[in-house]
Amino acid sequence: MEGRQAVRELLVAGRRKVREIWVAADLDANEVVGDIVDIARTMRVQVTQVARKRLDSQARSEAPQGVIAFAAPLQETELASLLKRRGTRQPFLVAVDGVTDPGNLGALLRCCDGAGVHGVVLPRHRAVHITPTVCKAAAGAVEHVPLAVVGGLPAALAKMKEAGIWIVGLDDAADRSLFDLGDLAVEAICLVLGAEGSGLSRLVRERCDLIVGIPMAGRLSSLNVSAAAALATYEVTRHRVSRSDT
């Protein structure tokens, strides 16, 4: 795990065993790094100061920000667990179709955490996995948002439909607007986001109950997947918060 905020959230979440934390010896003191050191000491995790050159040579992302944590692997969540109703809570999921850019996936996961998404479904093939770059871009969201990795996304969406979850795909060419979701947003729902450019694959599109688009009032025809995720997830959350307030 690399990056200051990502390492801090790793410690705060406490879901994985952390063996050691490296901090660059020339790193200027700041609040986040101070938090990391304090929390690590409380948890009896060894903090070691190392030369910047050694730390950077160990890093797997482009800018580890002078902090690396060595931890147990991130645990995946079973898809079946995400489909379960818990009390009156209706599942709110996001599925990602063919996103290969780690920065986009990380930013998407950060949006999902902020919007209160209950879980994210990722395909095992032809897509980026949870790498150090993804974790850093997610700013620690991978520690809080349950992630299910599935062999095939179309089959996973079919299981969701069997569980009574509405499948809503986002596509630039859709005839209906994201802002027309209405009451569907408060039902059990899974938003499906495709890669910028190629969009939703044919089989994934066929599994969707509804295809909606984000209205574009300017000259550009689309947003990248992380920006689309932010708008779409918060639109669902807006409806859910409004419903709970009434």
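In case you missed it, the structure is sitting above this.
About the thresholds
Residues numbered from 1 in each chain as written. Predicted model: local features only at pLDDT ≥ 70, side-chain atom pairs only at ≥ 80, totals over all residues. Heavy atoms only, no water. Pairing = 2+ DSSP bridges. Helix = DSSP H or I, 4+ residues; strand = E, 2+ residues; numbered from the N terminus. Axes fitted to C-alpha atoms, helices over the stretch in contact; angles between N-to-C directions. Contact = heavy atoms within 4.5 Å. Right-handed = clockwise from strand over helix to strand, strands pointing away. Phe/Tyr/Trp six-rings, centres within 6.5 Å; stacked < 30°, edge-to-face > 60°. Buried < 20%, exposed > 50% of the residue type's maximum accessible area, 1.4 Å probe, protein only. Salt bridge = Lys/Arg side-chain N within 4 Å of Asp/Glu carboxyl O.

Novice: How should the sheet that holds strand β2 (residues 46-50) be read in this particular structure?
Specialist: The strands making up a sheet associate through hydrogen bonds between their backbones, and the pairing can be parallel or antiparallel. Spatial ordering of the open sheet is given by β2-β1-β3, a layout of three strands whose pairing is mixed. In this open sheet, the two edge strands, each paired with only one partner strand, are β2 and β3 (67-71). The mean angle between the axes of side-by-side strands here comes to 20°, regardless of whether they run parallel or antiparallel. Relative to β3, helix α1 (residues 4-13) is tilted by about 35°, and along the sheet it contacts β1 (18-24) and β3. Seen against the sheet, helix α2 (residues 31-42) touches β1, β2 and β3 and runs at an angle of roughly 145° to β1.

Novice: Whenever I open this one, the sheet that holds strand β6 (residues 147-150) confuses me. Can you help?
Specialist: The strand order across the open sheet built from seven strands is β6-β5-β4-β9-β7-β10-β8, with neighbouring strands paired in parallel fashion. Each of the sheet's edge strands pairs with one partner strand only, and the pair in question is β6 and β8 (176-177). Note: strand β7 (residues 166-170) against strand β9 (residues 189-194), four bridges, orientation parallel. If you follow G169 over to β9, its bridge partner there is V192. Lying over the sheet, helix α5 (residues 102-115) contacts β4 (92-97), β5 (119-123), β6 and β9, oriented at roughly 170° with respect to β4.

Novice: Looking at this model, I keep getting lost on the pairing of β2. Mind explaining?
Specialist: Residues in a regular strand project their side chains so that they alternate between the two faces of the sheet. Across five bridges, β1 lies against β2 in parallel orientation. For E20, the partnering residue across the bridge sits in β2 and is Q46. In this fold, β1 hands off to α2, which returns the chain to β2; that crossover is right-handed.

Novice: Explain the packing of aromatic side chains here, please?
Specialist: Geometry of an aromatic ring pair is reported as the spacing of the ring centres plus the angle between the planes. Inspection of the entire model under this criterion finds one aromatic pair. A centroid spacing of 5.0 Å and a plane angle of 70° characterise the contact between W22 and F70, whose relative ring orientation is edge-to-face. With W22 in strand β1 and F70 in strand β3, the pair connects residues that are 48 residues apart, well separated along the chain. The pair W22 / F70 is uniform in exposure class, with both members buried.

Novice: For this particular structure, what's the right way to read the pattern of salt bridges?
Specialist: Any two side chains of opposite charge can pair, so long as their charged atoms come close to each other. This structure, assessed with the given rule, holds nine salt bridges. Two residues, R8 and E9, come together in a salt bridge whose shortest N-O distance is 3.1 Å. The closest approach of N and O atoms between E143 and R16, which form a salt bridge, is 2.4 Å. With E143 in the loop between α6 (132-137) and β6 and R16 in the loop between α1 and β1, this pair connects stretches of sequence that are 127 residues apart. The class for R16 is buried, based on a relative accessible area of 12%. Each of the salt bridges in this network shares a partner with another, and the network as a whole consists of R8, E9 and D35.

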